[in-house]
Amino acid sequence: MSTLELNGLLRASAEEARRQIEICNACRYCEGFCSVFPAVTRQRTFSLSDMTQLANLCHNCQGCYHACQYTAPHEFNLNLPAALAGVRTESWERWMWPRGVAAWVQRKPAASAGVLIVALFVLGALASGDAASGVFYQHFSHNLLVAVFAPLFLLPLLAIAMALRNYWKEVGGVCATVAEWRMALSQAGRMRNLSGGQDQGCQYEKGDRYSQARRHAHHAVMYGFLLCFASTSVATLMHYVWQLPAPYAWWSLPKLLGVPGGVLLTVGGVMLMRLKSRSDPALNSATRWGGDWAFLLTLTLTAASGLLLYAVSGTSAVRITLVFHLACVATLFVLTPYSKMVHGFFRLAALLREAQAQAGRGRS
Amino acid sequence: MTTNNEQDTLWDVVVVGGGNAALCAAITAAEQGARVIILEGAPPTYRGGNSRHTRNFRCMHVGPKDVLEEAYLEEEYYQDLLKVTKGKTDEALARLCIRESEPSFDWMKAHGVLFQPSLSGTLSLSRTNAFFLGGGKALVNAYYNTAADLGVEVLYEAQVKHIALKGQRFEHVVVTHGGQDWTVKGRAVVLASGGFESDIDWLARAWGPAARNFLIRGTPYNMGVVLKDMLDQGALSVGDPTQCHAVAIDGRAPKFDGGIVTRLDCVPFSVVVNENAERFYDEGEDVWPKRYAIWGRLVAAQPNQVGYSIIDSKAQALFMPSVFPPVVADTLEDLAKQLGLPAERLQQTVAEFNAACGPADGFHPTQLDGVRTQGLAIEKTNWARPIDTAPFMAYQLRPGVTFTYLGLKVSESSRVQHQHGEYENVWAAGEIMAGSILGEGYLAGFGMTIGTVFGRIAGREAARHVNA
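Residues numbered from 1 in each chain as written. Chains lettered and ligands numbered in written order. Predicted model: local features only at pLDDT ≥ 70, side-chain atom pairs only at ≥ 80, totals over all residues. Heavy atoms only, no water.

A. Structural detail: helix H5 (residues 136–149) of chain B. With 14 residues, H5 of chain B extends 20 Å between its outermost C-alpha atoms, agreeing within 8% with the 20 Å of an ideal straight helix rising 1.5 Å per residue. Among the residues of H5 of chain B, Gly136, Lys137, Ala138, Leu139, Val140, Asn141, Ala142, Tyr143, Tyr144, Asn145, Thr146 and Ala147 of chain B are the ones counted as buried. Contact partners of the buried residues in H5 of chain B: helix H4 (63–67) of chain A together with helix H2 (20–31), helix H4 (91–110), strand E5 (129–132), strand E6 (153–155) and helix H13 (446–467) of chain B. One or two steps after H5 of chain B, the chain reaches glycine 151 of chain B, where phi turns positive at roughly 85°. (Helix = DSSP H or I, 4+ residues; strand = E, 2+ residues; numbered from the N terminus. Expected span 1.5 Å × (residues − 1). Buried < 20%, exposed > 50% of the residue type's maximum accessible area, 1.4 Å probe, protein only. Contact = heavy atoms within 4.5 Å.)

What follows is the structure in structure tokens.
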């Protein structure tokens, strides 16, 4: 695959990951865990760009670490989940504009907290009308919300799209076929790479015991998020196309999508935090640990405050709940390119590239 | 031992060792209600002895079974064993082991072991060997978790130095732990503490001083202390005390625990020379999996126990990658310089070899292709293509010891024997008794079969003795 000028830090971590992968390629005991090892066996030598692709293909299930006969104190000192996590997070940081922001957000949880606080103040200042009103649009007009949130949503997406384009170029991807998309989406949808290969799961929160908890929690978060997203999209259509402004009744499509979505996202987020607190940072990207926590918390608070907002509608608590919820949403959106949130996009791209490689397609 | 709990308890079954055989025995005994303690010499990170380096289980099966294809029947299995051991086996024990391998496969799955299809590059084993998902360490982890769930106590860094016997009866073990000697009492003992291959002095006494240059592929904890202690007390031995199973591995491997990745598969596509830059054996005698085992011995017989496998760029992609990159040079002269070999002699050896190579049209890397040399003192009978396309590459070879053959003689119930019969309450399983069945050579995945089958038998019989 194409060799690119990589910056010094990434070069060091990619070279370390390559050292480890070459040992894996001589062993191959872990072939059945995930997509990473079969991908490794297709090659004898690895460019640093190959390491970027393998790193994003790795879902950090940690099965290979616990199975490895060469972990410390062995002199080969293998810790592949951590080595790939380092390359992975650095690859997002490297491609995301403006540069340096992601490295900061991922390392410093205070960055996320700062964005949230600013959002709280700005939204608090923008809120108008009767503060005790139990009706949503009494506090923020629809047009004001669109004016604030449309750029907060679209600009980050633009940054991500540009970064993905660069990623795709680096890993030698070509225009994907329908079959490749289908394969990648099916793997992402089932989170096959968190299944341990035989639906026994990860070795994440219980040392070397397998568990499906992380996969299930992750499913809840992903599908919860997609349902919430669908709910917002439907509501937007109803507002503009059918001239049906909020609030919507409990049986309306936005509510039928949004409420289960919010519940899934909240429950999944809480579960992921519980699991994370029991996992070993040394098998992950330890320097991004704080940022990971900030992201999980923001995501969960966004969902939980959305549900709370529904619960308090019609009461005088709407103003404060609404401001808080919108501030969470704004934080989540703004930080999407620079936080762990972005992993979903790169993961899907890596799965798509792997589907292509399996079909023997792509530039090398 | 932070408390005196382990010391004051009268355990039902004391298991000495913490690898596959020990775990199978401990789990089986605990499932029959026995109070079991495992005394593992290694710390937790290195637990599991040589089992942590294994990757599969040779399994008899009458039809397609899980990851195993087609059928592998008792007779074929036994004939395969006869071939590698040249008849040095105990037929009754061997057939018992083979027959019990099939139910053992189901037992392994039921106790947490996950299997995966044959690894890439090992398709020839997909019928006979079931591979562990994640390899032997994953298997060991699964068994430790199963044992913990059954209430089995595990003491790490517990090196057993003496098995105290009173007449034909086991009374207690003496174990060094935390810098002190302790007594652990039990009503039965299962000895599953492996061979003596990590004791270099012992190897040197048995094999000769050349053994000091051998690398040990597995655990540094197999010091053979328990084996020696039992033999000194009159237990019967089996297996050639002077022999070990050694293969040719990368000479740059660590002294211990290099495991699978130090394996080199380049020999059939190379010329192999000693440090005088002279060839010493037919590199193309047979497909590598069949010849792999003899090269340890061949290299051990060379000066300073070292060999050099030399290929050219044509052969580079024909074999599995290994852990260390080859030494690379644009000329043979430079290659010789980097390896410390006499350059002129190497060029001459390669030139003679090249001149003796015939047409290579029929070259086929994965089967005996008959592409051979004509007129050399030592011919290469397959895959003989001239070494003529730069860059040239070389791997240093050294003998890597896998296991030793000397062991304790056991009965079909895995009970340890002495001159006048059997000990009342002493069983053995795994490498410490494998010499009974595997008197010479090796059959891939058979060590795990012996460990599993006799570990289960030993655990069952020990529990039965205790429950009687």
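After that view, the rundown keeps rolling.
B. Representation of the packing of aromatic side chains in the model. All names here are of chain A. Taken as a whole and judged by the stated rule, the model has 25 aromatic pairs over all chains. Ring geometry for phenylalanine 136 and tyrosine 137: centres 5.0 Å apart, planes at 75°, overall edge-to-face. What makes phenylalanine 136 partly exposed here is its relative accessible area of 28%. In this structure, lysine 276 packs its charged tip against the face of tryptophan 289, placed 3.9 Å from the ring centre. (Phe/Tyr/Trp six-rings, centres within 6.5 Å; stacked < 30°, edge-to-face > 60°. Lys NZ or Arg CZ within 6 Å of the ring centre and 35° of its normal.)

C. Here's a closer look at the sheet that holds strand E3 (residues 56–58) of chain B. All names here are of chain B. Taken together, the 3 strands give an open sheet; going across it, the order is E3-E5-E4, and neighbouring strands pair in antiparallel fashion. Each of the sheet's edge strands pairs with one partner strand only, and the pair in question is E3 and strand E4 (115–116). Pairing of E3 with E5, which is carried by 3 bridges, proceeds in the antiparallel orientation. Residue pairing for E5: phenylalanine 57 is matched across the bridge by alanine 130. (Pairing = 2+ DSSP bridges.)

D. How the structure looks around the interface of chain A and chain B. With 29 residues of chain A at the interface, the matching set in chain B holds 39 residues. Both sides of the chain A and chain B interface together cover about 2,800 Å² of buried area, and 50% of this is carbon and sulfur. Residues aspartate 208 of chain A and arginine 47 of chain B are paired through a salt bridge, measuring 3.1 Å at the closest nitrogen-oxygen approach. Where chain A touches chain B, the interface holds 24 residue pairs in polar contact (both at pLDDT 80 or more). Sorting the residues of the side of chain A that touches chain B by element identifies helix H1 (8–27) and H4 of chain A as the ones contributing at least two each. Top contributing element to the side of chain A that touches chain B by residue count: H1 of chain A, with 4 residues. Considering only residue class, the side of chain A that touches chain B consists of 13 nonpolar, 10 polar and 6 charged. (Buried area = accessible area lost by both parts, 1.4 Å probe. Salt bridge = Lys/Arg side-chain N within 4 Å of Asp/Glu carboxyl O. Polar contact = N/O pair within 3.5 Å; in protein donor to acceptor, adjacent residues only side chain to side chain. Nonpolar A, V, L, I, M, F, W, Y, C, P; charged D, E, K, R; others polar.)

E. The arrangement of the pattern of salt bridges in detail. Inspection of every chain in the model, using the stated rule, returns 42 salt bridges over all chains. Here aspartate 292 of chain A ties to lysine 276 of chain A by a salt bridge, and the two come within 3.5 Å at their closest N and O atoms. Residue aspartate 292 of chain A is located in helix H12 (residues 289–311), and its partner lysine 276 of chain A is located in helix H11 (residues 253–278); the two are separated by 16 residues in the primary sequence. Pair check on accessibility: aspartate 292 of chain A and lysine 276 of chain A agree, each one buried. In this structure, arginine 95 of chain B and glutamate 74 of chain B form a salt bridge, with 2.8 Å as the shortest nitrogen-oxygen distance. Note that arginine 95 of chain B is positioned in helix H4 and glutamate 74 of chain B in helix H3 (residues 74–85), a separation of 21 residues in sequence. The two residues arginine 95 of chain B and glutamate 74 of chain B agree in class, both being buried. Three or more residues are tied together by salt bridges with common partners; here these are Glu74, Glu75, Glu91, Arg95 and Arg99 of chain B.

F. The arrangement of a negative patch on the surface in detail. All names here are of chain B. On the surface, a cluster of negative charge is contributed by Asp330, Glu333, Asp334 and Glu344. Positionally, aspartate 330 belongs in the loop between strand E15 (327–329) and helix H10 (332–339). When its relative accessible area of 60% is taken as the criterion, aspartate 330 is described as exposed. (Patch = residues over 30% accessible without salt bridge, like charges linked within 9 Å, V, L, I, M, F, W, Y side chains within 5 Å. Areas by Shrake-Rupley, 256 points an atom, 1.4 Å probe, with all protein chains shown as cover. Lys, Arg positive; Asp, Glu negative; His and termini not counted. Charge placed at Lys NZ, Arg CZ, Asp CG, Glu CD.)

G. Inspection of the confidence of the model for chain A at higher detail. This prediction gives chain A a mean pLDDT of 94; 97% of its residues lie at or above 70. Low confidence marks residues 1–5 of chain A, where pLDDT is under 50. Its contacts with residues over four positions away, or in another chain, come to 17 contacts. (pLDDT = per-residue confidence, 0-100.)

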